[in-house]
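So the chains spell out like this:
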Amino acid sequence: MTAPRLGGYALLAVAGVLVGAAGALVQAAWFPGGLLLALLAIAGLCYGGVKAAGARMGGGVPAGAWTVAVLLLTSSRSEGDFLFGAGLGSYAFLLGGMFIGVMCATLPLVPQPPGPPVRLGK
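Residues numbered from 1 in each chain as written. Predicted model: local features only at pLDDT ≥ 70, side-chain atom pairs only at ≥ 80, totals over all residues. Heavy atoms only, no water.

The protein chain appears in an unreviewed UniProt entry as Integral membrane protein from Streptomyces violaceusniger.

The following block contains the structure:
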């Protein structure tokens, strides 16, 4: 793995953490639209990562970073404060984001390298 590719994955991981933190705040603030915006953000980041990296890892890295960031934000602090409320929107954000991340990380890479169609052995 080359240094530019590792740098790209690091940027995707940072973007995943930022999208997770922003989505955690937006999804509850503007409930129906904010939830949709937060889920579209993680979908766009993961799908864009797959296309930019040309590999499934480009979608898996931001999805993993998003999941870790969101799960850390769900834990309560020692003062008893927490970021997520108990409601349908929070669960839809958590489960929907994880589902979208897994879908983007397991997308098949359909395009084949350019060249004439050739059968082996002929």
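### Quick word on the packing of helix α1 (residues 3-29) against helix α4 (residues 88-105)
The line we're drawing: Axis definition: a line fitted to C-alpha atoms, limited for helices to the stretch in contact. Angles are taken between N-to-C directions and run from 0 to 180 degrees. Helix numbers and strand numbers start at the N terminus; a helix is a DSSP run of H or I with at least 4 residues, a strand a run of E with at least 2. In what follows, roughly perpendicular refers to angles from 65 to 115 degrees, roughly parallel to angles under 35, roughly antiparallel to angles over 145, and oblique to any angle outside these ranges. Handedness of a crossing is defined here by the sense of rotation of the near helix relative to the far one, left-handed for an anticlockwise turn of less than a right angle and right-handed for a clockwise turn. In this analysis, two residues are considered to be in contact whenever any of their non-hydrogen atoms come within 4.5 Å of each other. Ten residues, namely Ala, Val, Leu, Ile, Met, Phe, Trp, Tyr, Cys and Pro, are considered nonpolar, four, namely Asp, Glu, Lys and Arg, are considered charged, and the remaining ones, Gly among them, are considered polar.
The N-to-C vectors of α1 and α4 enclose an angle of 155°; their axes lie 10 Å apart at closest approach. In terms of orientation, α1 and α4 fall into the roughly antiparallel class. When the axes of α1 and α4 are compared, the crossing they make is right-handed. Note on element contacts: α4 touches α1 through Gly89, Ser90 and Phe93, opposite Gly20, Gly23, Ala24 and Gln27. Here the contact of α1 with α4 is composed, by residue class, of two nonpolar, five polar and no charged.

### Thoughts on helix α2 (residues 31-53)
Here is the rule we go by: How far a helix is expected to stretch is found by multiplying one less than its residue total by 1.5 Å. Burial here depends on accessible area, computed with a 1.4 Å probe over protein chains only, as a share of the maximum for the residue type. Under 20% is buried, over 50% is exposed, and the range in between is partly exposed.
Under the 1.5 Å per step criterion, the end-to-end length of α2 is 33 Å for 23 residues, consistent within 8% with the ideal 33 Å. Turning to α2, its buried residues are Gly34, Leu35, Ala38, Leu39, Ile42, Leu45, Cys46, Gly49, Val50 and Ala53. In the core, the buried residues of α2 are packed alongside α1, α3 (57-74) and α4. The first or second residue beyond α2 is Gly54, which carries a positive phi of 70°.

### Re the packing of aromatic side chains
Threshold: When the centres of two rings from Phe, Tyr and Trp lie within 6.5 Å, Trp using its six-membered ring, the rings pair. Their planes under 30 degrees apart give stacked, over 60 give edge-to-face, and anything left gives tilted.
A complete count under the given rule lists one aromatic pair for this structure. Geometrically, the ring pair formed by Trp66 and Phe93 is edge-to-face, given 5.3 Å between the ring centres and 70° between the ring planes. Note that Trp66 is positioned in helix α3 and Phe93 in helix α4, a separation of 27 residues in sequence.

### Points about the packing of α3 against α4
Relative to each other, α3 and α4 sit at 165°, their axes nearing to 8 Å. In terms of axis orientation, α3 runs roughly antiparallel to α4. At the point where α3 passes α4, the crossing takes the left-handed sense. Taking contact as the criterion, the partners of Gly59, Gly60, Ala63, Trp66, Thr67, Val70, Leu71 and Thr74 in α3 are, on α4, Phe93, Leu94, Gly97, Met98, Gly101 and Ala105. Split into classes, the residues belonging to the contact of α3 with α4 amount to eight nonpolar, six polar and no charged.

### A few points about the UniProt feature "transmembrane region" (unreviewed entry) in the protein chain
Put simply, the rule is: UniProt positions are given in the numbering used here, feature names are shortened, and annotations may be inferred rather than shown by experiment.
In the UniProt entry, the feature "transmembrane region" (unreviewed entry) is given for residues 31-50, 57-76 and 88-110. Its end C-alpha atoms 29 Å apart, residues 31-50 is made of 100% helix and 0% strand. The annotated region residues 57-76 carries 90% helix and 0% strand content, and the separation between its end C-alpha atoms amounts to 31 Å.

### Let's talk about the nonpolar core
Our working rule: What we call a nonpolar core is a set of buried Ala, Val, Leu, Ile, Met, Phe, Trp, Tyr and Cys residues that are connected through their side-chain atoms within 4.5 Å.
Within the largest apolar cluster, 19 residues are counted, with the highest numbers of intra-cluster contacts made by Ile42, Trp66 and Phe93. The dominant element in this core, judged by the number of residues it contributes, is α2, at seven residues. Excluding residues within four positions of it along the chain, Trp66 makes contact with Gly16, Val19, Gly20, Ile42, Phe93, Leu94, Gly97 and Met98.

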